[in-house]
Amino acid sequence: MAPIPTNSTLTYSAFVENNITCLGSADGNVTFSVNSIYASSTNINYEILDSMSLTSTGVSGSGIVPASGSLVVNNLGPLNQGTYIVLITETSGPNAGCG
């Protein structure tokens, strides 16, 4: 997972990986929190990329991180066996467009 760049004060925490149940299954997922110290809420997009090719897995979403709060993203998937990067991009707030 790539760190959030320094031009953003958003952070992530509580990253939990849930592995696939059997070889060949595509039932893995991740859970994480996006945290903000901004005085106002921040809209974000998040997407899972394959770490080797940096191509999208097609698993993505969006949400709102509350002011001085956290957005919990639960069981984002499904994912095959592999290594991935979670890309988080601000779509509103002081760093809109930054990822």
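Please refer to the structure placed before this passage.
Now for a quick tour of the structure. (Residues numbered from 1 in each chain as written. Predicted model: local features only at pLDDT ≥ 70, side-chain atom pairs only at ≥ 80, totals over all residues. Heavy atoms only, no water.)

### A few points about the overall build of the protein
Tallying secondary structure elements over the protein gives zero helices and six strands in all. The secondary structure elements of the protein, listed N-terminal to C-terminal, are β-β-β-β-β-β. By the burial criterion, 34% of the 99 residues in the protein qualify as buried. Relative to all contacts within the protein whose residues are 6 or more apart in sequence, the contacts with residues 24 or more apart total 60%. (Helix = DSSP H or I, 4+ residues; strand = E, 2+ residues; numbered from the N terminus. Buried < 20%, exposed > 50% of the residue type's maximum accessible area, 1.4 Å probe, protein only. Contact = heavy atoms within 4.5 Å.)

### Observations concerning the side chain of Asn-29
Along the polypeptide, Asn-29 turns up in strand β2 (residues 28-35). In this structure Asn-29 comes out as buried when scored by relative accessible area, which is 16%. Here the side chain of Asn-29 touches Asn-18 through a polar contact of 2.6 Å, side chain to side chain. When residues no more than four places from it in sequence are discounted, the contact partners of Asn-29 are Val-16, Glu-17, Asn-18, Asn-75, Leu-76, Gly-77 and Leu-79. (Polar contact = N/O pair within 3.5 Å; in protein donor to acceptor, adjacent residues only side chain to side chain.)

### What about the pairing of β2?
Among the eight residues in β2, eight count as buried, and that is most of the element. Residues Gly-28, Val-30, Phe-32 and Val-34 of β2 are buried on one face, and the alternating residues Asn-29, Thr-31, Ser-33 and Asn-35, pointing to the opposite face, are buried as well. Bridge count for strand β1 (residues 11-18) against β2 is six bridges, and the pairing is antiparallel. Residue pairing across strands places Ser-13 opposite Ser-33, the latter belonging to β2. (Pairing = 2+ DSSP bridges.)

### Notes on the sheet that holds β2
Taken together, the three strands give an open sheet; going across it, the order is β1-β2-β5, and neighbouring strands pair in antiparallel fashion. With one partner strand each, in any of the chains shown, β1 and β5 (70-79) form the two edges of the open sheet. Within this sheet the neighbouring strands show an average axis-to-axis angle of 15 degrees, counted without direction. (Axes fitted to C-alpha atoms, helices over the stretch in contact; angles between N-to-C directions.)

### Observations concerning unusual backbone geometry
Following Gly-77, the chain continues to Pro-78 via a peptide bond in cis, the omega torsion being 10 degrees. You can see Pro-78 is positioned in strand β5. Residue Ser-68 is not a glycine yet carries a positive backbone phi of 50 degrees. You can call Ser-68 exposed: its relative accessible area is 58%.

### Some thoughts on the nonpolar core
Formed by 16 residues in total, the largest nonpolar core has its most connected members in Phe-32, Val-34, Ile-44, Tyr-46, Ile-48, Leu-76 and Ile-88. Listed by contribution, the elements that provide at least two residues to this core are β2, β3 (42-50), β4 (56-65), β5 and β6 (84-90). (Core = buried A, V, L, I, M, F, W, Y, C linked by side-chain atoms within 4.5 Å.)

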